[in-house]
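Close look at the chain arrangement
Listed here are the chains, written in short residue letters.
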Amino acid sequence: MSDRIFGIFGVLLAIGYAFAALAIEESFLSDAVGPKAFPLIIAAVLGLASAAIALRPDPEPVWPGLMRLVEIIAAIVVLVLYAELLPVLGFIIATALASGYLTWRLGSTPLASVVIGLGTSLSIYAIFHLLLGLALATGPFGF
Amino acid sequence: MDTLTSLADGFAIAITWQNLSLALLGCLLGTIMGALPGLGPSNGVAILIPLAFTLGLGATPSLILLTSVYYGAMYGGRISSILLNIPGDEPAMMTCLDGYPMAQKGMAGEALSLSGIASFVGSFLATWGLILLAPQLVKIALLFGPAEYFALFTLAFATLGGVSSTNQAKSAFAAALGLGLAMIGVDTQTGVPRLTFGEVHLYDGIDFLVAIVGLFALSEVFIFLEHRHGESDAAHRKIVIGRLWPPLSMIRQSFGAMLRASGLGFLAGVLPGAGASLGAFLSYSVEKKVSDRNGTFGKGDPRGVAAPEAGNNAAAGGALVPMLALGVPGSGTTAVLLAVLLSLNITPGPLLFTRNPDVVWGLIAALFIANIMLLALNIPMVGLFTRVLMVPPRILMPVVAMVSFVGIYGISGSSFDLLVMVGFGVMGWALRKLDVPLVPIILGTLLGNAMESNMRRAITISDGDWSALVASPLSIALWAIALAGFVLPIVVGKLVKTRMLGARRTEQAEEMDVTD
């Protein structure tokens, strides 16, 4: 079933891609092929491959249970927040929060998570910023 | 003679204090990454590319660092195969078969150092193979025009799934997805924006480094979260190493195995669609046919450790041949190394050898240096590397995620790229669950623009005649190989795959019978 849904999604993606490719504005100065042809070929391959996947599905993969799925979605939300808040909070605080969360969800005790989160953040800061001179995001406190 | 002078020049470039210390650092990091389950050569190198890039290292130093990581990871994969019966990376799977039984017999140290020697022999011979074969391939590649290149790119995609691929539709899907992503951005030939949907951030296209780090490194974090696999596999086991140096008789006994396996592995690495895993598999099965007279294979025969290790390291060297000479990688890790070259503004291919001989020969010299360092590091310090197995993923995986973010943020300093990377991480997780290979996606994003411009150039030269793509005998031959490479796995793929897995299962079943 997963492969059938995936294949149908792929076909729709290919159709969308083909439409987006047809919408490319041609420049008045163009080579013999133009900017549309290759994307259209790709859309065709994408569509054919997806149709083949939908018609001849593989055995069903093992999907995680609802709880595990929520776990992954929560992690995605945390990483998106991390990406957005990095320039706001600065590297050390944002990284300590994000890595603390991840290690907690992977099974560290709450207290250990705080320590590991801070440790991860500070050691990356020390190695990459202080030692190697890489520019990291600076927050309101300058770190 | 020419070759030797060039090689000497290469050593002159590679031997500086900075380069030697980078090689040492790369070897250490690589071995650790190879040993850790969940980090292999591809994602290890992937995480480090943006870092090497943002640190402002030049072309040759970055290449030295990253190829040392690559070779190091090939060495490191065997450690957890032998000690824990869990392959550190996919090519090390066959090393479990005899390595783990040896460890159970209390010969872990011997197995580790013997496989270290085998890895050295494999890589050493393969590097010589690279030196001898790559310039010959360059001579052929110089005959290629745009139409032939277009056919060659197609060939690379068609065979990337490999002979053990079970679902070619999924490989084709992945390749088309990668190529499709590469099209995003301003068209280089006419200057019109394509598929950007008005988003200014997309005008430059999607940075392939963002895609690689997201797909390889972040998706791994999600996999670990899904299984809540936070504790180390080595946590409750007692690891006894024993003596560190194998008896000379054992080396002598398995030396033939190493030589045979190096040859086979190298071939598997050079040929499109084979790669290191198949190299290891072939080496092991052939060695078993040749030497297994008393039925000792699978029960801790040293030759069964030496053969696959020599084989997969030789394949790693062999895979560099098409990558450097043609600019078309045949495996996941060489695709990542191609990304390194492209981000340094070096285009691999036949012209690389004439235009940037310093890069090519510096790299080859670096391979020799890394190899010797790895042998020197791996035998006395193997005890230290086994400690690495104790690091639990609950600490390791957040570090992997955060270092990925640091690298990508270092390149662009924009949150937008970080969001795109998270998106690729999620996509990588879902595609892995659906058994869609990720390497064609990477290769597509890397080669998409070159592939398109070769096609357009070929057709423009012939004034809009599309049959120009199949006009020369050379391109027809390439198309024929591409077609065969795509169709063959549909016929034999299942068979090869079941054999590879089956070999592992029957050996383990037999081993159970013995220990019970």
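For the structure given in this document, a descriptive report is provided here. (Residues numbered from 1 in each chain as written. Chains lettered and ligands numbered in written order. Predicted model: local features only at pLDDT ≥ 70, side-chain atom pairs only at ≥ 80, totals over all residues. Heavy atoms only, no water.)

Helix and strand counts for chain B come out as 21 helices and two strands. In summary, chain B has a C-alpha radius of gyration of 22 Å against a globular reference of 24 Å for 516 residues, a match within 12%. Within chain B, contacts between residues at least 6 apart in sequence are counted, and of these 81% link residues at least 24 apart. Summing over all exposed atoms, chain B offers an accessible surface of approximately 18,400 Å²; the carbon and sulfur share of this is 65%. Here chain B holds 28 positive side-chain charges and 30 negative ones, and the gap between their average locations is 8 Å. (Helix = DSSP H or I, 4+ residues; strand = E, 2+ residues; numbered from the N terminus. Rg over C-alpha atoms; globule rule 2.2 N^0.38 Å. Contact = heavy atoms within 4.5 Å. Areas by Shrake-Rupley, 256 points an atom, 1.4 Å probe, with all protein chains shown as cover. Lys, Arg positive; Asp, Glu negative; His and termini not counted. Charge placed at Lys NZ, Arg CZ, Asp CG, Glu CD.)

The next subject is the overall build of chain A. Summing up its helical and strand segments, chain A has five helices and zero strands in all. Each helix and strand of chain A, ordered N terminal to C terminal, gives the series α-α-α-α-α. Over its C-alpha atoms chain A spans a radius of gyration of 23 Å, topping by over 25% the 15 Å that the globule rule assigns to 143 residues. Taking the principal axes of the C-alpha coordinates as reference, chain A spans close to 55 × 50 × 20 Å. By residue count, 46% of the 143 residues in chain A fall in the buried class. Within chain A, contacts between residues at least 6 apart in sequence are counted, and of these 61% link residues at least 24 apart. When the accessible surface of chain A is split by element, carbon and sulfur atoms take 78% of a total near 7,500 Å². (Buried < 20%, exposed > 50% of the residue type's maximum accessible area, 1.4 Å probe, protein only.)

Okay, the side chain of A:Ser113 next. As for its placement among the helices and strands, A:Ser113 is situated in helix α5 (residues 110-131). Residue A:Ser113 is classed as buried on the basis of its relative accessible area, which comes to 5%.

Structurally, A:Phe128 is set in helix α5. Residue A:Phe128 is classed as buried on the basis of its relative accessible area of 12%. Beyond its immediate stretch of four places on either side in the chain, A:Phe128 contacts A:Gly133, A:Leu134, B:Leu51, B:Val403 and B:Val406.

This next bit is on the interface of chain B and chain A. Contacts between chain B and chain A engage 62 residues on the former and 67 residues on the latter. For the pair chain B and chain A, the two sides together bury roughly 5,400 Å², of which 79% comes from carbon and sulfur. Where chain B packs against chain A, one counts two salt bridges. With a shortest N-O distance of 3.0 Å, B:Lys170 and A:Asp58 are connected by a salt bridge. The interface formed by chain B and chain A contains ten residue pairs in polar contact (both at pLDDT 80 or more). Elements with a contribution of two residues or more to the side of chain B that touches chain A: α3 (41-54), α8 (168-182), β2 (193-194), α9 (208-227), α18 (393-412), α19 (415-433) and α20 (439-461) of chain B. At twelve residues, α18(B) tops the list of elements feeding residues into the side of chain B that touches chain A. Here the residues of the side of chain B that touches chain A are counted per class, giving 41 nonpolar, twelve polar and nine charged. (Buried area = accessible area lost by both parts, 1.4 Å probe. Salt bridge = Lys/Arg side-chain N within 4 Å of Asp/Glu carboxyl O. Polar contact = N/O pair within 3.5 Å; in protein donor to acceptor, adjacent residues only side chain to side chain. Nonpolar A, V, L, I, M, F, W, Y, C, P; charged D, E, K, R; others polar.)

Residue and element names in this part refer to chain B. In this model helix α14 (residues 332-343) runs 17 Å from its N-terminal to its C-terminal C-alpha over twelve residues, within 8% of the 16 Å that 1.5 Å per residue would give. Within α14, eleven of the twelve residues are buried, leaving the element largely enclosed by the surrounding structure. By the burial criterion, the buried members of α14 are Gly 332, Thr 333, Thr 334, Ala 335, Val 336, Leu 337, Leu 338, Ala 339, Val 340, Leu 341 and Ser 343. Just downstream of α14 lies Asn 345, where phi reads positive at about 65 degrees. (Expected span 1.5 Å × (residues − 1).)

Counting 178 residues, the largest nonpolar core has A:Phe91, B:Val45, B:Tyr70, B:Phe173 and B:Leu446 as the members making the most contacts within it. In terms of residues, this core owes the most to one element, α9(B), which gives 15 residues. Counting contributing residues, this core receives three or more from each of domain 1 (2-55) and domain 2 (66-131) of chain A. Excluding anything up to four places from it in sequence, B:Val45 contacts B:Leu66, B:Val69, B:Tyr70, B:Val336, B:Leu337 and B:Val340. (Core = buried A, V, L, I, M, F, W, Y, C linked by side-chain atoms within 4.5 Å. Domains from an automatic or database assignment.)

Between the first and last C-alpha of helix α7 (residues 146-160) of chain B there are 21 Å, a value that for 15 residues agrees with the 21 Å anticipated at 1.5 Å per step. With 14 of 15 residues buried, α7(B) lies mostly within the body of the structure.

Another point: a nonpolar patch on the surface. All names here are of chain A. Residues Ile 8, Leu 12, Ile 15, Phe 19, Leu 22 and Leu 40 make up a contiguous nonpolar surface patch of about 590 Å² in total accessible area. For the nonpolar patch, the element with the highest residue contribution is helix α1 (residues 2-22), accounting for five residues. Relative to the helices and strands, Leu 12 resides in helix α1. (Patch = residues over 30% accessible without salt bridge, like charges linked within 9 Å, V, L, I, M, F, W, Y side chains within 5 Å.)

On to the side chain of A:Arg105. On the secondary structure map, A:Arg105 appears in helix α4 (residues 91-105). Exposure remark for A:Arg105: the relative accessible area of 17% places this residue in the buried category. For A:Arg105, the residues in contact, after removing those within four places along its chain, are A:Glu71, B:Leu225 and B:Arg228.

These results come straight from atomic positions and should not be treated as a statement about function.
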